[in-house]
Every structure is written in structure tokens, then in C-alpha cells.
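Read off the chains here:
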Amino acid sequence: MSDEAAKKDNDEMSISIFDTTSGLVEEYLSDFGDTFSTVEKGVYFAKKGSTLVGIHVVEWRNDALVHISANVVKNADLTAELLKTLLEWNFRSSFGSFGVSPDGTINMRHTLLGSSLEKEQLIPAVLAVARNADDWDDKIIDLAGGETAVETLKKQTDKPEAPAEPEAPAKPAEDA
């Protein structure tokens, strides 16, 4: 098989896995009703309680990844004590781990493999990320200040000059 034919087969396989995984995410999250929305193919939001969870499907090698993330706190003082606390929690956590985006926003993230995605994996992961983000926002603010993701969204939407788009959870970089 020529290099060009192999690349075409690979591209078609990647598109197929991306489309299949995106379709599964939409199907599985339809139970969220009006608290689930599609931004575009592969980019979704689910609201659970006071937390907005972003679900991003990305191509990865010959598969797809499903990144589930939620912004937790913005503008916290990222002290060594806070970061150590978050890393220790990551060590014990089954679903989700803390990260810090380039703008300093603390977020919660969990990743699933698209080719083996099942509803029994996706729904608990989305719920756990939402619950953990909601549980930890006040703890982080007590330790290091800042504002919850909900407060940030509220400030953006309360500005009278122009309606603002809600700030989505940071979209993760595609893994190499």
C-alpha cells in the first residue's frame, strides 16, 4: 500500500472513530435533558448543580479521547501549600484530577478512551467531575482566595455592554 493510500485509510479511520465517539457521547448524555447542550460536533456541555462540565472529543492516534473537565476556581493564589493539597488529592482520586490552565484557572479533568467508551463509564465520570469541582471550589477559596467558576460566569453575563459567552472549561491540548 502506498503512503498516500495508508494516510487516506488512517484519516478515514480517525474521522470514523471521532464521529462514532461523538455520537456515543451525545446518546449517553441525552439523559441530562435540557442541562446538556451541543456546541459543535465533539464539544458538549452538561450542567450539574452549579457546575458546568465540558466534554471534548479529540482525535488521538488511531482512536479518540473524551476529555471531561470543569473550571473550579479562577484567580486563586497558587501557593505551594495549595498545589501540594491538590496533588495529594489527585493521588487518591479515582475520577478526575486537578490541573491549572495557562491563565491560572484551577480545573478538574478526567479522560476516557473513545474506542471503548460505555455509558457506565461516561455518566459516572461526568457526575464525579461535577461533584468534585463543586465540593472543592469553596475549599480552594478558603485556602487561596479567588472566585468560583460560577461567580466568573455570573460576572461575564452581568456586564451590560454586551452579552458574553460563558467561559468554557479549558480545552485540553491534544496529547502526543
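Above this note sits the structure.
Attention here is on the structure that accompanies the text. (Residues numbered from 1 in each chain as written. Predicted model: local features only at pLDDT ≥ 70, side-chain atom pairs only at ≥ 80, totals over all residues. Heavy atoms only, no water.)

What about unusual backbone geometry?
Of note, Arg61 is a non-glycine position whose phi angle comes to about 50°, a positive value. Checked against the element boundaries, Arg61 lands in the loop between β3 (51-60) and β4 (63-74). Despite not being glycine, Asn75 has its phi angle at roughly 70°, a positive value. With respect to the element layout, Asn75 can be found in the loop between β4 and α2 (80-92). (Helix = DSSP H or I, 4+ residues; strand = E, 2+ residues; numbered from the N terminus.)

Overview of the pairing of β3
In terms of burial, β3 is a largely internal element, seven of the ten residues being buried. In this sheet, β3 lies alongside strand β2 (residues 43-48) in antiparallel orientation, the contact comprising six bridges. Bridge assignment links Phe45 to a residue of β3, and that residue is Gly54. Between β2 and the antiparallel strand that follows it, β3, lie two residues; Gly49 among them carries a positive phi value of about 65°. With antiparallel pairing between neighbouring strands as the criterion, β3 and β4 make up a hairpin whose turn holds two residues, including Arg61 at a positive phi of roughly 50°. (Buried < 20%, exposed > 50% of the residue type's maximum accessible area, 1.4 Å probe, protein only. Pairing = 2+ DSSP bridges.)

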